Amino acid sequence: MTMADDFFPKSSPGTTGLLLREQLLFERGVRGRSGASLPAAGVPEADPAAEIPKELLRGEIDGLPELSEPEGVRHFVRLSQWNYGIDSGPFPLGSCTMKYNPKSSEAIARLPGFAQLHPMLPDEDCQGALQLAFELERALSEIAGFSATSLQPAAGAQGELCGLLMIRAYHARRGNPRKKVLVPATAHGTNPATCTLAGYEAVPLPIGPGGVLEPGAIAGKLDEDVAALMVTNPNTLGIFERNVREIADLVHSKGALLYNDGANLNALVGVARPGDMGVDVMHFNLHKTFATPHGGGGPGSGPVGVAEPLVPFLPTPTIRKTIGEGGEPRYALDFDRPQSIGRLRTFWGNFGMWVRAYALIREWGPEGVRRTAELAVLNANYLRKLLEGSYQLPFPEETLHEVVFSDKRQKEHGVSALDVAKRLIDHGFHPPTIYFPLVVPGALMIEPTETESPEAVEGLAAALRAVAAEAAERPEALHSAPNRTIVGRLDEVRAARQPILRWKPPSSPQR
Ligand SMILES: *Cc1c(COP(=O)(O)O)cnc(C)c1O
């Protein structure tokens, strides 16, 4: 296809040049080539064999590439430029809440006093870190309306497990851990997986025509075997659950508890508090709500907030504040919690994520926290408006913080959500989430978050409208997209079934 093209509006940042190919380092190199080196030492060199046991010493490495310094640096810089991140442009993955991370929080997390703390330090030698953790725990409890919060879980999914283990411990203490957890059809896949891991049977709940949970659908499924109901608010369709208070009362009337998947809290912060709606336990995704970098397997953090009845079951250690004899505050890790579910992981949690979240909350203050939610919802609704003429909207009446379209109109031309997502890459954007949530066939789920300016939302919408126009006029062109990338359409099934995990040296390596 041609590069200058009617279907590529000028506002698309898609690149048309400077697509640099890159060999493997192992396919390059010349013997004896290296970067700047220090002059020979004036003292005898240490013999590693004298210091390190022989079996731990490696011999010659076959085919280790030898390169000049710029060759090595350029290789890695080019690879980094192939990558698309939130610092490159809008990252519309719905459900994942990919947002920009202020560099000020990054700088604070890198301060040596935080970044180089050893986790085994005695409490008295890391009072500042403990104070930060204590204050973050209090801030999160305040923001979401809970009695206490544990910062320990490593991510949202582990937060869910932590929550359900506390629910199990709560019921067990009353004599019966119960057997089932009710999970709406719109839930993230981690919810039913967590139920299984915590020893519960996940029972799916249908959603109502408006895309939300209706109390009527729950009443029939609630019995004395139900340990909890897991609700996600706003849910994975991007829609605000309207009946949480009523659902909480129903659930509590049977002695069960209400779990809130808080991954979408960035649409509620500063506006409404799950704890006030009757939620007993909720996980936060610090990496979605309070902008800590994630994706590509980077670390997350999934603190869990609880209402009073679950406080005794929080994982150990918790952080305790006391006032010393001179009136000064002292912070300590508290392991003395007999009803605790115990430890969830090694050491204390993903501390660097706590620093970023804490820095952001302090920077924003209550007004800024609230503004996050307002802008996230505004951006999603703006995008919906800009695209409703081009893509089918399964739930057109709703207020959202992320917007779910379907490929129904494009399907009439034989174009799928996958084709749309792949063509968007040619326009210079990361694809949105596709085929999730499962209740919408051919779903295209987009979450601009509060990060994006109106112009950025408009640019993304212009590209998606151009893709829809192309789908109607020359649908076959989309089946091979992307066409402007270094690698084209990948065989994803083969990549998953027959992954090539080991590099084979070329027959004639370096010169
Ligand atoms: C992201 C997400 C999760 C899982 O959180 P992780 O931090 O990725 O483990 C759970 N539920 C919802 C709704 C999510 O969006």
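Note that this is a predicted model, so its numbers are computed, not measured.

> Any chance you could explain the packing of aromatic side chains here in plain terms?
Working definition: an aromatic ring pair is given by the centre-to-centre distance plus the angle between the planes. Throughout the structure, instances matching the rule amount to 8 aromatic pairs. Relative to F91, the ring of Y84 lies with its centre 5.9 Å away and its plane at 50 degrees, an arrangement referred to as tilted. The exposure class assigned to F91 is buried, which follows from its relative accessible area of 10%. Here the aromatic rings of F351 and W354 are separated by 5.8 Å at their centres, their planes lie at 70 degrees, and the arrangement is edge-to-face. One end of the pair is F351 and the other is W354, both in helix α11 (residues 351–387) and 3 residues apart, which spans about a single turn.

> Sorry if this is basic, but what is going on with the domain arrangement of the protein chain here?
Think of interface size as the accessible area that goes away when the parts come together; that is how it is often given. Taken domain by domain, the protein chain comprises domain 1 (24–31 + 63–84), domain 2 (104–362) and domain 3 (367–486). Computed over C-alpha atoms only, the centres of domain 2 and domain 3 are separated by 30 Å. With 23 residues of domain 2 at the contact, the number on the domain 3 side is 20 residues. Contact with domain 3 buries area across many residues of domain 2, yet T236, L237 and N266 alone supply 29% of it, more than any other trio. One can count 0 salt bridges joining domain 2 with domain 3.

> Sorry if this is basic, but what is going on with the layout of surface pockets here?
Leftover empty space is mapped by rolling, across the atoms, a probe with the size of a water molecule. Here the second largest pocket is characterised by a volume of approximately 640 Å³. Lining the second largest pocket are 34 residues, and of these L130, I319, L333, W348 and W354 lie nearest its centre. Listed by contribution, the elements that provide at least two residues to the lining of the second largest pocket are α4 (112–115), α5 (127–144), β1 (148–150), β8 (318–323), β9 (329–334) and α11. Sort the elements by how many residues they give to the lining of the second largest pocket and α5 lands first, with 5 residues.

> Help me out: how do you make sense of the pattern of salt bridges in this one?
Between side chains of opposite charge, a pair can form when the charged atoms approach closely. Using the criterion set out here, one finds 25 salt bridges in the structure. In this structure, R28 engages E71 in a salt bridge whose closest nitrogen and oxygen atoms are separated by 3.8 Å. In this pair, R28 sits in the segment before α1 (48–51) while E71 sits in helix α2 (residues 69–82), placing the two residues 43 residues apart along the sequence. Of the two residues, R28 and E71, neither departs from the other in class, the shared state being buried. For R423, the salt bridge is made with E470, and the minimal N-O distance between the two is 2.9 Å. Placement of the pair is R423 in helix α13 (residues 417–426) and E470 in helix α14 (residues 454–473), with a sequence separation of 47 residues. Judged by relative accessible area, which is 0%, R423 ranks as buried.

Reading the values: rules and limits
Each residue is numbered by its place in its chain's sequence as written, counting from 1. With the structure being a predicted model, the display of local features is reserved for residues of pLDDT at least 70 and the display and counting of side-chain atom pairs for 80 or more, all residues being used for whole-chain, interface and lining totals. Hydrogens and waters are ignored; side-chain quantities use all the structure's heavy atoms. When two rings of Phe, Tyr or Trp (its six-membered ring) have centres within 6.5 Å they constitute a pair, described as stacked for plane angles under 30 degrees, edge-to-face for angles over 60, and tilted for the intermediate range. For each residue, the accessible area found with a 1.4 Å probe, counting protein chains only, is set against the maximum for its type, and the residue is called buried under 20%, exposed over 50%, and partly exposed in between. Secondary structure follows DSSP: runs of H or I at least 4 residues long count as helices, runs of E at least 2 residues long count as strands, and numbering of each begins at the N terminus. How far each domain reaches was decided by an automatic or database domain assignment. Contact criterion: two residues are considered in contact whenever any of their non-hydrogen atoms come within 4.5 Å of each other. When two parts are put together, the accessible area they lose, computed with a 1.4 Å probe and summed over both, is reported as buried area. Every case where a carboxyl oxygen of Asp or Glu lies within 4 Å of a side-chain nitrogen of Lys or Arg is listed as a salt bridge. Only protein atoms enter the 1 Å grid used here. Points where a 1.4 Å probe fits but cannot escape make up a cavity, open sets with protein on both sides within 12 Å along at least five of seven lines make up a pocket, and a residue lines them when an atom lies within 4 Å of a point. Grid points are joined across faces, edges and corners, and a volume is the space filled by probe spheres set on the points.

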